[in-house]
Amino acid sequence: MEKKSSAPLNDWHARKTRTLINRLHALIHGIALLPLFYYRITSITNSPLLPHFLIFISEVILSFLWVMGQASKWRPVTRTPYPERLPGSDKLPSIDVFICTADPNKEPTLEVMNTVISALGLDYPPDKLHVYLSDDAGSSLTFLAIKQAWEFSKLWIPFCRKYDVRNRCPEAYFEESDRCDSDSGDFLIDKNNIQKAYEEFRNCLAKIVAGVSSDVSRDHPPLVEVIRDSTANGMNSDNEKLPLLVYVAREKRPSHPHNFKAGALNVLVRVSAMISNSPYILVLDCDMYCNDPASARMAMCFHLDPKLSPKLAFVQFPQKFYNITQTHDIYDCQLRFAWEKWEGLDGLIGPILSGTGFYMKREALYGTQKLIQNDGDFNKYFGPSKELINSVNNKNYKPNYLTFAEHTLQEEIALLASCNYDNDTKWGKEARFRYFAVVEDVFTGLTLHCNGWISVYCEPSRPCFLGSSPISLGEILVQHTRWNVGLYQIALSRYSPLVYGPLRMPVSESMCYAEVAHYPLYFASFYILALVPQLCLLRGIPLYPETSSPFFLAVFWFVFVSAQLKHVQEVVTTGHRIRSWLYEQRMWMLKSWTCYAYATLGALMEKIGLSKASFLPTSKVVDDEVAKLYGMGMYDFRAPALFMVPLCTLYIINAASFVIGFGRILVGRKEMLTQAFLPLVGLILHYPLLEGMVFRKDKGRVSSYVSFLSAFVSSILLASASY
């Protein structure tokens, strides 16, 4: 027993081989960039000046982002939790689970309820687990559905406990048709019964969806209700304890800003403080179900580690998606490159907060340590609720939720869920989930790290959480535009990691945040590289050294090949196929020409007061035609013309410039060979665009309208460049 108690709850290992490769590449590639810039600086005065200057700017931006990215590659580590070494259930801290939904039309009710049920099924003491569903739509549909989910969970959770079911999302469990957790007769009988109960649950939800309005309300009072039977006291018919389930619809009024997801999470923080007041919080998106019920215990292996706990703000798990495969991840939805960076950040002071799948320490959100040190005004920070302040000052404060019907407590919770509670307080400004940027997760994580907190990245072999990702080009581009608007909001603010970070956290961590916040800058480099060399090729203006020049062989060619080989190495060593390199390169450029460009424009317009940030949830409704195209590995080009016209226009310009440039090379202009190589790479890499415009006849092809408009725009640009 003594040996077990002294064993560490977790350990970590540096990825030594990957670290060595990363550092050697950073050294060699960095040295190669020096003569490249020497060439640019010495040739920038060549006539005409503008094209040479633009290419120089493009290479400066790419090099800046590359340098910022090296910090996340310097010391990647991997961590292993040991849940079996945790103390007994009576000594584990309680956990509140926050699930956010905003629109039942875009977030299918059945999917949301499966996430709720899977959270109720976490392998954790039921009296220490509390699940809160935030319904930002204030929808009667969601309210009725969660009551049905509670009824089904009274059957489902005991079944999972009895047979140690690992996948506790019922929809996912029953889709695994060959699954058999036991070969006993009792198990097969119970499984058949629970499957029938689930079908009844599905049918009941279908009737609710068909018969109840799914309108999204922008004007409604707060509604908070503990979902339970009138006499069961959290027990099912077999007197088994079940976790607490609470429905929360915060107040919304058209005249009050609701601060998007951060506003919803802050309401949950306040309301949960009055009901359960758990010291740890799990945040989940409504489509991100619990795939491994052990995630809570894994997170506690870090939060209860005496070496980590005093400064540990959150444990971040990666986002994985059940509807994405490595074979056809044509939209780069798995975000492989991001989770590789998070491993590297874990070797510094921790990964960036990533929106879902993280276990947060409530104390870190409150910022009470800093407040006490500065003799701060608790009323100013936490608002007028005395009960809330009591819960902040007293970690053991836990009102009895069974007395929730009492008028006084109801009034207090209604106040905390009201739309104007934040007014004249520090909520969302200096503590809790931050309001400033659309990407409340990144901004909140940045401020936590700047305040001295650390974080941990945990990626077990079995994904702890699985969600659904958009599988159409249009939805992907809209989603990433929204994300990058938020990132550039941070980059353009006084919280810019380049300015705000270095004095408050390690420079290496600031560099990582700076790379992420300035990601939209890629749009400038790729637009320059997709237009300037090509248009100069039409006019016979060389921008690169001849192939016989030592600068071409030793510098330009080396830098290009070095970057591509490093990318291939990263793809392969993280367990992906080489085709993932192709998909990532393609989507990187497509997003640069669309998402990053519009995100930069949107952030700049908001900065000067010409627009306001908006948040539209990504649709999780799956279209059969879209799913069919995705399964075949074919792009769905039915994206808005605002995205498709720039992409098709650039492709046509590159095709025309390559044909003309190749002709120039044939008549002896060999100094143009490098410039002709650029459009050739673009034509090959983005061949699916040509397919969509010319060869495909299915519904996912590029529309005739987009093709003709792109041809018209490109003709004007090509004609202008010819004179």
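First things first, this report covers the structure right here in the doc.

Parameters and conventions
- Residues numbered from 1 in each chain as written.
- Predicted model: local features only at pLDDT ≥ 70, side-chain atom pairs only at ≥ 80, totals over all residues.
- Heavy atoms only, no water.
- Pairing = 2+ DSSP bridges.
- Helix = DSSP H or I, 4+ residues; strand = E, 2+ residues; numbered from the N terminus.
- Salt bridge = Lys/Arg side-chain N within 4 Å of Asp/Glu carboxyl O.
- Buried < 20%, exposed > 50% of the residue type's maximum accessible area, 1.4 Å probe, protein only.
- Axes fitted to C-alpha atoms, helices over the stretch in contact; angles between N-to-C directions.
- Phe/Tyr/Trp six-rings, centres within 6.5 Å; stacked < 30°, edge-to-face > 60°.
- Expected span 1.5 Å × (residues − 1).
- Disulfide = S-S within 2.5 Å.
- Core = buried A, V, L, I, M, F, W, Y, C linked by side-chain atoms within 4.5 Å.
- Contact = heavy atoms within 4.5 Å.
- Parallel < 35°, antiparallel > 145°, perpendicular 65-115°, else oblique.
- Nonpolar A, V, L, I, M, F, W, Y, C, P; charged D, E, K, R; others polar.

1. Points about the sheet that holds strand E8 (residues 289-290)
The strands making up a sheet associate through hydrogen bonds between their backbones, and the pairing can be parallel or antiparallel. The strand order E8-E13-E10 describes an open sheet built from three strands, whose pairing is mixed. What marks the edges here is a single partner per strand, and that holds for E8 and strand E10 (320-321). In this structure, E8 lies alongside strand E13 (residues 465-467), joined through two bridges in antiparallel fashion. The residue bridging Tyr 289 from the neighbouring strand is Leu 466, located in E13.

2. What to know about the pattern of salt bridges
A full pass over the atoms with the stated rule returns 25 salt bridges. The salt bridge partner of Arg 18 is Glu 343, with a shortest N-O separation of 3.0 Å. One end of the pair, Arg 18, is in helix H2 (residues 16-43); the other, Glu 343, is in helix H10 (residues 336-346), with 325 residues separating them in the sequence. Between Lys 147 and Glu 225 there is a salt bridge, and its shortest N-O distance comes to 3.7 Å. Of this pair, Lys 147 sits in helix H5 (residues 140-163) while Glu 225 sits in strand E5 (residues 223-226); the two residues are 78 residues apart in sequence, bridging distant segments of the chain. In this structure Glu 225 comes out as partly exposed when scored by relative accessible area, which is 27%. Connected through salt bridges with shared partners, the residues Arg 15, Arg 18 and Glu 343 form a single ionic network.

3. Considerations on unusual backbone geometry
Positive phi, close to 50°, is recorded for Asp 164, a residue that is not glycine. Turning to its location among the elements, Asp 164 is positioned in the loop between H5 and helix H6 (170-175). Classification of Asp 164 by relative accessible area gives exposed; the value is 60%. Of note in this structure, Asn 259 is not a glycine but carries a positive phi near 60°.

4. Regarding the sheet that holds strand E7 (residues 280-285)
The strand order across the open sheet formed by eight strands is E5-E6-E4-E3-E7-E11-E9-E12, and the pairing between neighbours is mixed. Strand pairing shows two members of the sheet lacking a second neighbour, E5 and strand E12 (454-457), which therefore form its edges. Going across the sheet, the axis of each strand differs from the next one's by a mean of 20°, ignoring polarity. Across seven bridges, strand E3 (residues 95-101) lies against strand E4 (residues 129-135) in parallel orientation. For Thr 101, the partnering residue across the bridge sits in E4 and is Asp 135.

5. Let's talk about the packing of aromatic side chains
Aromatic ring pairs: the centre-centre distance and the angle between the two ring planes describe each pair. The full count for this structure, using the stated rule, is 47 aromatic pairs. Ring centres of Phe 317 and Phe 465 lie 5.7 Å apart, and the angle between their planes is 75°; on these two criteria the pair is classed as edge-to-face. Of this pair, Phe 317 sits in the loop between strand E9 (312-316) and E10 while Phe 465 sits in strand E13, placing them 148 residues apart in sequence. You'll find Phe 317 and Phe 465 in the same group, each marked buried.

6. Regarding helix H3 (residues 49-69)
With 21 residues, H3 ought to run about 30 Å at 1.5 Å a step, and its terminal C-alpha atoms sit 30 Å apart, in line with that. For H3, the complete set of buried residues consists of Pro 51, His 52, Ile 55, Phe 56, Ser 58, Glu 59, Ile 61, Ser 63, Leu 65, Met 68 and Gly 69.

7. Some words on the environment of Asn 46
With respect to the helices, strands and loops of the structure, Asn 46 is situated in the loop between H2 and H3. Spatially, the C-alpha atom of Asn 46 lies 9.2 Å from that of Leu 543, the residues being 497 residues apart in sequence.

8. Notes on the state of the cysteines
Counted under the stated rule, the structure contains zero disulfides. With no disulfide of its own, Cys 464 has Cys 458 as its nearest cysteine by sulfur position, at a separation of 6.3 Å. With a relative accessible area of 3%, Cys 464 lands in the buried category.

9. Here's the deal with the nonpolar core
Grouped together as the largest cluster of nonpolar side chains are 113 residues, with contacts concentrated most on Ile 95, Val 97, Trp 156 and Met 644. Among the elements that take part in this core, H5 stands out by supplying 12 residues, more than any other. Excluding anything up to four places from it in sequence, Met 644 contacts Leu 473, Phe 637, Ala 639, Leu 689, Val 702, Val 706 and Ser 710. Formed by 44 residues, the second largest nonpolar core is a distinct cluster that contains Val 226, Ala 262, Val 269 and Ala 313.

10. Quick word on the packing of helix H24 (residues 641-666) against helix H26 (residues 687-695)
One can describe the packing of H24 onto H26 by two numbers: an axis separation of 10 Å at closest approach and a directional angle of 105°. In terms of their interaxial angle, H24 and H26 are classed as roughly perpendicular. Along its contact with H24, which presents Met 644, Leu 647, Cys 648, Tyr 651 and Ile 652, the element H26 presents Tyr 687, Leu 689, Leu 690 and Met 693. Grouping the amino acids of the contact of H24 with H26 by side-chain chemistry returns nine nonpolar, no polar and no charged.

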